[in-house]
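# Structural features, examined
Read off the chains here:
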Amino acid sequence: MAVKMTRRRFLQSTGCAAAVLPFANLVQADDSFVKYPYVSPGSMAGTQTVTGGICEMCFWRCQVIGKVRDGKLVKLEGNPKSIDNGKSLCARGNAGIKLLYDPDRLKYPLKNIGKRGAPKWKRISWDEALDECATRLKATIDKYGPQGITIFPHGSSAVYPMHFFEHVVGTPNNSEASFFQCRGARDLAYLATLGVPAGEEVDMPNAKVIFLLGSHLGENVHVSHLKRYLKGLENGAKLIVVDPRFSAAAAKADVWVKIKPGTDTAFLLAIMNYLAENEKYNVEYVDDNGDGFDDFCEGIAHASLSWAAKICDVPEAQIKQVADMLSADMPHVAIHPGRHTSWYGNDFQRERAMACLTGMLGAIGSVGGFVRPIGPKLGRFSWPTPMKEHAEEYSLRRLAKVHKFSPPGTPTDLIRNAALTGQPYPIKAMVTWGQNPIQTVPNQAQTIAMLEQMDFVLVCDVMPTDITMYADILLPEVSYLERYDYIKRGTQWDFAEEHQQYIAARMPLVAPETKDHERKDSVWITNELAKRMGYGEHIKAKSAEEMVDIMLAGAKPTLSLKQLRAEDGIHLQEGEDPYDVELDVVFYSEALEEAGYPPVPTYTEVPQPPAGYARLVYGRLPVHTFNRTQNNVWLHQESTLNPVWLNEQSAKKMGLKDGDMVELVNDQGVKSRTATVVKVTPGIRSDTVYMAHGYGSMNPALTVGVGAGVDDQSLISNPSIDPETGTHGMRNNFVRFIKDGKELSIPA
Ligand code: SF4
């Protein structure tokens, strides 16, 4: 039975609606008039509750339960047993049902008998598909070696095939978007400074000050993350937001710093220099745990308030105000490390400055500071590593002697350049698993050129995203609601509450559809490939279920899927104190100096917009997870286009008004394929325009998302590369608008 979900009911169910009807207003049924029990089509009557789901509409992985009727999933809810997201799901999590039953989903293996980019699909059997994949991948290995293959993975189901190709086949060329186009610079900068990678686990619920630099919480929605942030605000934390745009977070801020894009490191250096000069930092913590603090102070002594004020286009008094607020409430200060940090190609330095500021305030292991929630232990599951030495020998990063503080894998540009030049060796086969490099990797023209020179392209996905248009063989994967594959573990969301740990393995909420559908999970697909490629002897788990059970068996105490099922999908146990942490802070890094990088966080100027252009920056919307949700009909209805934010003074001079449709063209002459709507606002600097990422798909197979809004990545044709990590900087393109065929300059 179909469930009709109106917009109002959908928003109410996601907690987005402003109010719900009080019970007193509901009409009471009068039994005497009820002849037949009425079951409204949208009610939960007759449903069974199935536990053990883990959401993957974004990477946060909230624990969910499903309401199932006649074998169909009719509603998703947060698992009431969860100590993470609890009963809550965000709008995207609720809309997972529309992904599950999306008629555009990939259904069976397909072979491209047309051209890459303009495919003609022929349905083939799994045997035919796997045989052809294995034959062509083996042919690549025979001709070019295992390094002739590259893999672009994303999401939990891609981990198993990624490790197969890395460890067993021996390709080092693995580019994860979550590192090289997202958080790689952050993780490595914190590792180099505090000895641990950063998560988003700062103690916001109990902080006296929350400091967000470019993080737009509220638009960027992850349930327990947002719970922490909102509880902190409820508890009276002061909020400082540094952002060129009046974001949802800026709207709640005590101080909004309307900073010039690309100058954040100068802002942070000036704060730290002021704190040092005036002894307003946490002297005791720095004395006990600081490494190279005097040299650090010397290295940032040039960063006066007036110096930064000029660079950042921010009043000197406001930088001082921020520094004083941080100092007054240290160490109970939550300096949020951010998530997506690949902005300008100098991002490692900015993130190192964030970590150093955290250390100067002694906001480590303190209530309200940087904490280390310890999740429960699990068993390891991995492929054997017979080709480890080969992969190391052919590491592009090692051969080029660059990016010595890189995240795991290989920076995307090294792979793309090698593929395009054949140097230091050819890369001729590409496997893309759950990632859409067309919309995640900057410079689409180069990515498409890379794809076109491949001898073979294999894509495995749930939806026909843009990359699938370039596949030779396209394999359909079951969705996160139909498979086993991921064990989520963590702690209670509020770190100050009773210390608990949880383990939740992803279990199917419904069986995969079988009628005219032939989707498989990544463990089955990879194993079948491995057998056909001659690596069958290395297979350790016959199924995803067995893989998860192996990991659970290594938990302390030992667990199993059977036990987890009996425990409603979540095992709870006593936890550890997340505040019990004391980290050394490397202010002056000899390791960085030896590797040829600045030992002290350093500001590097970024290119400024040429006359008539504004810098393009991008971000998230609460109802979308980039292109993963663009075809979801419920979410699409909530935000059909991605409005481009334009300063109201600029709009006036350009003769544009709110709601006008425009196309965009960048400073290298690249035009957007589609148009979007203008949002005229005083809440953005005149040198900057902003839009949400992940719109404007070009694949007609996505009947909802195709051509809706503008694909910001299509305009990011001039990426920079972070020297320490090799991650991309994606905010160095400038745009102007096209209205009715005429290019409009954007006044400064
Ligand atoms: S934050 Fe939303 S989309 Fe992300 S896992 Fe949780 S419910 Fe799913």
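For the structure itself, consult the block above.
Along each chain, residue indices are assigned from 1 in the same order as the chain's sequence is written. Predicted model: local features are reported for residues with pLDDT of at least 70 only, side-chain atom pairs are reported and counted for 80 or more only, and whole-chain, interface and lining totals are derived from all residues. Excluding hydrogens and water, the side-chain figures rest on all heavy atoms present in the structure.

## Regarding the overall build of the protein
In terms of regular secondary structure, the protein is built from 24 helices and 27 strands. Radius of gyration here uses only the C-alpha atoms, and the compact-globule reference equals 2.2 Å multiplied by the residue count raised to the power 0.38. For 748 residues, the compact-globule estimate of 2.2 N^0.38 gives 27 Å, and the C-alpha radius of gyration of the protein, at 26 Å, lies within 12% of that figure. With respect to the principal axes defined by its C-alpha atoms, the protein has extents near 80 × 70 × 65 Å. Here the protein, with 748 residues, has 61% of them falling under the buried criterion. Look at the contacts in the protein between residues 6 or more apart in sequence, and 75% of them connect residues 24 or more apart. Helix and strand definitions here come from DSSP, where helices need a minimum of 4 consecutive H or I residues and strands a minimum of 2 consecutive E residues; each element is numbered from the N-terminal end. With a 1.4 Å probe rolled over the protein chains alone, any residue whose accessible area is under 20% of its type maximum counts as buried; one over 50% counts as exposed, and the rest are partly exposed. Only heavy atoms matter for contacts: two residues are in contact if any of them lie within 4.5 Å across the pair.

## Brief notes about the pattern of salt bridges
Salt-bridge detection follows one rule: a side-chain nitrogen of Lys or Arg within 4 Å of a carboxyl oxygen of Asp or Glu. Summed over the entire model, instances satisfying the criterion amount to 36 salt bridges. Note that Arg136 and Glu132 form a salt bridge whose closest N and O atoms lie 2.8 Å from each other. Pair noted here: Arg136 and Glu132 are both in helix α4 (residues 126–144), with a separation of four residues, about one helical turn. A salt bridge links Lys231 to Asp494; its shortest N-O distance comes to 2.6 Å. Linking Lys231 in helix α7 (residues 223–234) with Asp494 in the loop between β15 (487–491) and β16 (500–505), this pair joins segments that are 263 residues apart in sequence. The class of Lys231 is partly exposed, set by a relative accessible area of 22%. It is possible to trace a salt-bridge network through shared partners that takes in Glu56, Arg61, Arg483, Asp485 and Arg506.

## Re the sheet that holds strand β14 (residues 473–476)
Whether two strands pair comes down to DSSP finding at least two bridges between them. Pairing within the open sheet is mixed, and its six strands lie in the order β5-β4-β14-β13-β12-β6. Every interior strand has two partners, whereas the edge strands, β5 (121–123) and β6 (149–153), have only one. When strand polarity is set aside, the average angle formed by the axes of neighbouring strands in this sheet is 20 degrees. Pairing analysis gives three bridges linking strand β4 (residues 110–112) to β5, with the strands arranged antiparallel. Bridged to Leu110 within β5 is Arg123. The angle between two axes is taken between their N-to-C directions and runs from 0 to 180 degrees, where each axis is a line fitted to C-alpha atoms and a helix contributes only its stretch in contact. With respect to the sheet, helix α5 (residues 159–169) is in contact with β6 and β12 (429–433), its orientation differing from that of β6 by roughly 155 degrees.

## Details of the nonpolar core
Phe211, Phe267, Phe296 and Leu326 are the most contacted members of the largest nonpolar core, which has 109 residues in total. A per-element tally of this core places helix α8 (residues 264–277) first, with 10 residues. Among all residues touching Phe296, those that are not within four sequence positions of it are Met272, Cys356, Met360, Phe587, Tyr588, Val600 and Pro601. Within the second largest apolar cluster, 49 residues are counted, among which are Trp126, Phe164, Leu529 and Leu561. As used here, the term nonpolar core means buried Ala, Val, Leu, Ile, Met, Phe, Trp, Tyr and Cys residues forming a set that is joined through side-chain atoms within 4.5 Å.

## Concerning the packing of aromatic side chains
Any pair of Phe, Tyr and Trp rings, taking the six-membered ring for Trp, is counted once the centres come within 6.5 Å. Such a pair is stacked with planes under 30 degrees apart, edge-to-face with planes over 60 apart, and tilted for the rest. Enumeration according to the criterion identifies 19 aromatic pairs in this entry. Measuring from ring centre to ring centre gives 6.1 Å for Trp307 and Tyr603, while their planes differ by 85 degrees; the resulting arrangement is edge-to-face. Here Trp307, found in helix α11 (residues 305–312), pairs with Tyr603, found in the loop between α22 (590–594) and β19 (614–619); they are 296 residues apart in sequence, far enough to count as distant. According to the relative accessible area criterion, Trp307 is partly exposed, its value standing at 24%. On the basis of relative accessible area, Tyr603 is assigned to the buried category, the value being 18%. Through successive ring pairs, a cluster of aromatic residues spans Tyr160, Phe164, Phe165, Phe381, Trp383 and Tyr535. In this arrangement the basic side chain of Arg350 is found over the ring face of Trp343, its NZ or CZ atom lying 3.8 Å from the centre. Lysine and arginine charges are scored as sitting over a ring when NZ or CZ, respectively, is within 6 Å of the ring centre and within 35 degrees of the ring normal.

Any functional reading would require information beyond the geometric quantities listed.
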